[in-house]
Amino acid sequence: MSWLQRLFARRRMERDLDKEIQFHVDSQVSDKVQSGISEIEARRLTRLEFGGTEKIKEDCRQSRGTMWLETLLQDVRYGVRQLRKSPGFTSIAILSLTLGIGANTAIFTLVNALLLRPLPVEKPSELFLFGDGQAQGSTSSIPEESTRLFSYPFFHDLRQKATSFSGIAAVDSSQSATKASIGGGAYQTAHVNLVSGSYFSVLGVPAFLGRTIGESDDGADGSGPVAVASYSWFQRQFNGDPSALGKTIRIQSHDYTLVGVARPGFYGYTVGQSTDLWIPLSMEKAFSRPGSDGLGSKFFQSLYLIGRLKPGVTATRASAETNVLFHQILRSYLGPQPSRQHLDELAHASVELNPGGRGVSFLRYAFSVPLKILMAIVAVVLLIACANIANMLLARGVARTREVAMRIALGASRSRIVLQLLTESLLLAFLGAVAGVALAWKASAVLLSMATPGPNPIPLNLTPDLPVLGFTLAATMITALLFGLLPAFRAAGLEFVPALKDGRGSSSSSTRGALARSLIVGQIALSVILLVVAGLFVRSLINLSNIETGFDKQNVLIFSLDSSTANLPHGTSDEIRSVQLQEQIEDRVQDIPGVKADGFAFFTFNQGGWTDQVLFQGIPRTQSNDGQVLFNITGKGYFSTMGIQLVEGRLFTAQDTQTSNKVAIINETMARRFFPNGSPIGHRFGIGETPDHPGEKEVIGVVKDAKYGSLTEDKLMAAYFPCTQNPGFYGNFAVRYVPGENQQEIISRTRRAIAEVNPNILVNNVDSLEEQVYGSIATQSLVARLSSFFGVIAVFLGCIGIYGLLSYSVARRTSEFGVRLALGARSHMLLWMILRECLLLLVLGLALGVPVALSSTRILKSQLYELSPLDPTAIAIAIAAVSVMTIAAAWLPARRATKIDPMQALRAE
Amino acid sequence: MAKSAYQNRIELVQGTLDMLVLKTLQWGEQHGYGISQAIRVSSNEVLQVETGSLYPALHRLERAGWVSAEWKKSDANQRAKFYKITMLGKKHLANDYERWGKMVATIEAIMSAKESAL
């Protein structure tokens, strides 16, 4: 009989078993009666000889086969009945499990999506990335350390010579959010990425429809005006209509033919940036990007290279070969007579091969430590929830002593009881897990958007996949065992004869008490650790938000403009027209009532930057001035818009034109490092280590220092140049308005003014400068908020545990308190008696938790800004919070004890 | 207590119950009570099979395919579950009996050995 049939035949077999045993009993009795014993006596003797029939039946069931499914279903049904009997316990347990498992699943979903999950490509483990992928954009300096970005000529040369790889792909490191129009329709934002002809074949991403970009598209300049769409963009734009193939897509001011759609689920090589359209690198010239020098240049390094190892070739061998070729090829780029310095730099350069199956990701870089910390925090929260449920189960175990003793007396084996109780725990855990996964699904997306604020959500697939569900399943099982095992053993292991007699389980209550107390001590210890961590993060966040930015972040809007569809002249002598366009916009917006100042800029806060060295005429290089200077290109009104104060000299004016003397404004740090004893005004410098145009720029002013890239950066040297003398359309437009002015009104009027100047210049998005500043510390803010939230939850769960324990002990000792009161004890003495118990637990918990916290917070050091991991304030607050909450939780049941009416209590006995 | 009634009887050696049950069934099909009576009688009241072991053993043998079971009318005209040894069971019994014989002989050899021989 198969187990399925057996399951259905269960009832019949149970009946048969009953009958079989009954037949035996009857036969034995009738034999005894025949030998002359009275029937009553015969029955009595038979029962005695027989022992427990339930035990025999149970053994028969077991020897018939393990029947695990049958037993399981029976246990589950019984468990559901038991849980429904106590809805209060069940709902608290499920709620805390939902929260605990949900939080773990949510954080793990992010960990999985960012740190673990491989790209949907063929054999991801064979892919290797050249460099660590932690750079984006372009550089033209000669490599002198571990290299991250590569030039197009290098890509071609390396491909020809390398033998370790079955293929090498190149992809532009920065993806452009630009404008595209389908079949002459309105322009829409599209994310476009330039890739080599080998990109799809090396990654092993097939076409869902049509074809992918191939080698033939990536030949001579402009030879491949084709585009491949991502599946999700194709669905959005064409609703999956295959006739979309062959349609013309205008990207910026160039036409491309849509030749294919990539496999669903593939969003490109950069995790957290989803590509809409891929176009061949051969179209690079037709595609305008900031800072682009053209791919033909041997030192215009802007590409990531990804290689697929040939089968059997080790990464070590591939790395050795790559480095040899790298030096050979770059050496040939330096020309026949390279300078000593360039050779020296090249000698220090190298290429590191990194596993490339997970793509590159900046989120990964920024979040990996915070995510690990959060993972640890939520694990501790789950542990506390486990302790709490274990405690409740212990209390239930005492209440269920009679039930368990009865079942054992009826012949159930201990292991059967333990299994049944564990099934109940598993049931609870699974109910919590189901709700937790649902919670996590939503929560992980919310967490991600909290960590990366901005108008466009980060495209990251956070749908629970197999690893996430596996993790949750494992967490659920472990959780159930953690909170269920001990109470189950305790419940099944007690002596059942005395338990049956008195029904209250007095013999085991003292050990239960010790166990429950140690669980509470553990909870207090863990809560105080979590609160110390939370306190440190919050205090660090406060330090961060108190950092002096050097600019006034209030009442400033940053408009991000896109001129790619306006057909402006780039790289020609006519380029000044785009500057004139900017000046017209500046003037018009200045006239809007409520606008105080406005100005364009290459960069505002936390947007990256352009850096290089400078050389002042007549000033020797010293240790202090030999470093990178951050450059910005700004309109006249930029300084007053940002509230950056002038210290010396003058700001840019209308007199600084394209043809006039080239000028620069520098910050105080730069002034101090180059001119420690005098004024820099009137001095001249050139850009570069050995400037192409020495002494090109004249310093006309010095402004106060500010923060440029991040709040935590050190003092940087910075120089500003006027837009008029560095033409190009710079997309950041800052507008300062009068405090109290209606922000929406200013935004819509500014939009209108821009459209009046040129309707083809599009506003991508509007942000406030304040949001930009807070956005730069969003991760820290999220970690601080989450750790506080979980800290509070932990303390709250601990309080429930203490409240439960003391309520129980007060209820049990009602008569004792009644006697004490009757004998003249004062109520405050009773209060103290009970509180003393709780204070002891508190002190033990703190004694355990605080040293652990003190010794473990060191690992947070890199995440704390100007704060010691042993910050006394954070520790004191944590201790105080846990103490106050613990005593408050104990106070309620203690008060109840003092309100006992002695007469009633004594009668109750 | 119930145990005192069996003072003069020998507890079954571990693992021999299956063999005794199968042997008993070789005489013909029998129900559980009949098997226990048969063992008691044929051992001259020395061996007492406890019902707590007998029934689990019967179910185990049935599951292993060494016995088959059928509901039939008993002598007392009551419905009872009759067990019958199968071909497989007979083979198993022969095996068990052989092993048993070897074990008895071995133990006997050790127990009866003269001191000098040791």
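Here the structure is a predicted model, which means the values were calculated and not measured. (Residues numbered from 1 in each chain as written. Chains lettered and ligands numbered in written order. Predicted model: local features only at pLDDT ≥ 70, side-chain atom pairs only at ≥ 80, totals over all residues. Heavy atoms only, no water.)

For the rest of this paragraph, the subject is the overall build of chain A. A tally of helices and strands in chain A yields 27 helices and 24 strands. Against the 2.2 N^0.38 benchmark of 29 Å for 909 residues, chain A shows a C-alpha radius of gyration of 37 Å, more extended than a compact globule. For chain A, the C-alpha atoms occupy an extent of roughly 130 × 75 × 55 Å along the three principal directions. At a minimum sequence separation of 6, the contacts of chain A that also span at least 24 residues come to 81%. Carbon and sulfur atoms form 58% of the exposed surface of chain A, whose accessible area is close to 40500 Å². Counting 84 positive and 73 negative side-chain charges, chain A places the averaged centre of each group 11 Å from the other. (Helix = DSSP H or I, 4+ residues; strand = E, 2+ residues; numbered from the N terminus. Rg over C-alpha atoms; globule rule 2.2 N^0.38 Å. Contact = heavy atoms within 4.5 Å. Areas by Shrake-Rupley, 256 points an atom, 1.4 Å probe, with all protein chains shown as cover. Lys, Arg positive; Asp, Glu negative; His and termini not counted. Charge placed at Lys NZ, Arg CZ, Asp CG, Glu CD.)

So, on to the overall build of chain B. For chain B, the helix and strand inventory stands at four helices and three strands. Its helices and strands taken in sequence order, chain B reads α-β-α-α-β-β-α from the N to the C terminus. Taken over 118 residues, chain B has a buried fraction of 36%. Restricting the contact set of chain B to residue pairs at least 6 apart, pairs at least 24 apart contribute 51%. In the form shown here, chain B has an accessible surface area of approximately 7700 Å², with 55% of it arising from carbon and sulfur atoms. (Buried < 20%, exposed > 50% of the residue type's maximum accessible area, 1.4 Å probe, protein only.)

The predicted model of chain B has a mean per-residue pLDDT of 81, with 84% of residues at 70 or higher. Ignoring residues within four places in sequence, the model shows residues 1-8 of chain B, a span with pLDDT below 50, making five contacts including any to other chains. (pLDDT = per-residue confidence, 0-100.)

Residue and element names in this part refer to chain A. Summed over the entire model, instances satisfying the criterion amount to 31 aromatic pairs over all chains. For the pair Phe600 and Phe733, a centre-to-centre distance of 4.5 Å together with 25 degrees between the ring planes defines the contact as stacked. Note that Phe600 is positioned in strand S14 (residues 595-601) and Phe733 in strand S23 (residues 732-737), a separation of 133 residues in sequence. Residue class for Phe600 comes out buried when judged on its relative accessible area of 0%. (Phe/Tyr/Trp six-rings, centres within 6.5 Å; stacked < 30°, edge-to-face > 60°.)

Let us now look at the interface of chain A and chain B. Facing the 21 residues of chain A at the interface are 22 residues of chain B. Across the interface of chain A and chain B, roughly 1900 Å² is buried in total on both sides, 60% from carbon and sulfur atoms. Area buried by chain A at its contact with chain B is led by Glu20, Phe23 and His24 of chain A, which between them contribute 36% of it. For the pair chain A and chain B, the interface holds one salt bridge. The shortest N-O distance in the salt bridge between Glu20 of chain A and Lys81 of chain B comes to 4.0 Å. Counting the contacts that link chain A with chain B gives six residue pairs in polar contact (both at pLDDT 80 or more). Put simply, the parts of the chain that give the side of chain A that touches chain B at least two residues each are helix H2 (10-34), helix H3 (39-50) and helix H4 (53-63) of chain A. Top element by residues in the side of chain A that touches chain B is H2 of chain A. It accounts for 11 residues. Of the residues that constitute the side of chain A that touches chain B, the class distribution is seven nonpolar, five polar and nine charged. (Buried area = accessible area lost by both parts, 1.4 Å probe. Salt bridge = Lys/Arg side-chain N within 4 Å of Asp/Glu carboxyl O. Polar contact = N/O pair within 3.5 Å; in protein donor to acceptor, adjacent residues only side chain to side chain. Nonpolar A, V, L, I, M, F, W, Y, C, P; charged D, E, K, R; others polar.)

What follows covers a positive patch on the surface. Residues and elements named next belong to chain A. Taken together, Arg11, Arg77, Arg81 and Lys85 make up a surface patch of like positive charges. Of the residues forming the positive patch, the biggest block, three residues, is contributed by helix H5 (residues 68-85). Position of Arg81 among the secondary structure elements: in helix H5. (Patch = residues over 30% accessible without salt bridge, like charges linked within 9 Å, V, L, I, M, F, W, Y side chains within 5 Å.)

What follows concerns the packing of helix H25 (residues 827-856) of chain A against helix H26 (residues 872-898) of chain A. Residues and elements named next belong to chain A. Their axes nearest at 9 Å, the elements H25 and H26 cross at an angle of 155 degrees. Between H25 and H26, the crossing angle belongs to the class labelled roughly antiparallel. In the crossing of H25 with H26, the sense of the turn from one axis to the other is right-handed. Mapping the contact onto sequence places Ser827, Leu830, Leu831, Ile834, Leu835, Cys838, Leu839, Leu842, Leu846, Val850 and Leu854 in H25 and Ile875, Ile879, Val882, Ser883, Thr886, Ile887, Ala890, Trp891, Ala894, Arg895, Ala897 and Thr898 in H26. Tallied by class, the residues present in the contact of H25 with H26 amount to 18 nonpolar, four polar and one charged. (Axes fitted to C-alpha atoms, helices over the stretch in contact; angles between N-to-C directions. Parallel < 35°, antiparallel > 145°, perpendicular 65-115°, else oblique. Left-handed = near helix turned anticlockwise from the far one by under 90°.)

In terms of nonpolar packing, the biggest core is built from 133 residues, with Tyr199, Phe200, Leu203, Phe266, Trp278 and Tyr720 of chain A touching the most fellow members. Counting 51 residues, the second-largest nonpolar core is a separate cluster that includes Phe165, Ala227, Phe326 and Ala349 of chain A. (Core = buried A, V, L, I, M, F, W, Y, C linked by side-chain atoms within 4.5 Å.)

Within the chain, Asn606 of chain A stands out as a residue other than glycine whose phi angle is a positive 60 degrees. As for its placement among the helices and strands, Asn606 of chain A is situated in the loop between S14 and strand S15 (610-612). On the accessibility criterion, Asn606 of chain A (36% relative accessible area) is partly exposed. A positive phi angle is found at Asn44 of chain B, which is not glycine, with a value near 55 degrees. Topologically, Asn44 of chain B is positioned in the loop between helix H2 (32-42) and helix H3 (51-64).

All names here are of chain A. The pLDDT averaged across chain A works out to 86; a share of 94% of its residues lies at or above 70. Below pLDDT 50 for its whole length, residues 495-499 participates in 10 contacts with residues either more than four positions away or in separate chains. Scored below 50 in pLDDT, residues 502-508 makes five contacts in the model with residues more than four places away or belonging to other chains.

A side chain of one charge can pair with a side chain of the opposite charge if their charged atoms are brought near each other. All names here are of chain A. What the rule picks out here adds up to 29 salt bridges over all chains. Across the salt bridge formed by Asp75 and Arg416, the nearest N and O atoms sit 3.2 Å from each other. Highlighted residues: Asp75 in helix H5 and Arg416 in helix H14 (residues 414-451), separated in sequence by 341 residues. What makes Asp75 buried here is its relative accessible area of 5%. Assessed through its relative accessible area of 11%, Arg416 is described here as buried.

This paragraph deals with the pairing of strand S7 (residues 226-229) of chain A. All names here are of chain A. Side chains Val226 and Val228 of S7 all project onto a buried face; the interleaved residues Ala227 and Ala229 project onto the opposite face, where all are buried too. As judged from the four bridges shared by S7 and strand S9 (residues 254-262), these two strands associate in the parallel manner. From the neighbouring strand, Val228 faces S9, where its bridge partner is Gly260. Of the pairings in the sheet, the one linking S7 to strand S10 (residues 277-280) comprises two bridges and is antiparallel in character. Within the sheet, the bridge partner assigned to Val228 lies in S10 and is Trp278. (Pairing = 2+ DSSP bridges.)

By the element assignment, Ser827 of chain A lies in helix H25. Each C-alpha atom, one on Ser827 of chain A and one on Leu481 of chain A, is 42 Å from the other, the two residues being 346 residues apart in sequence.

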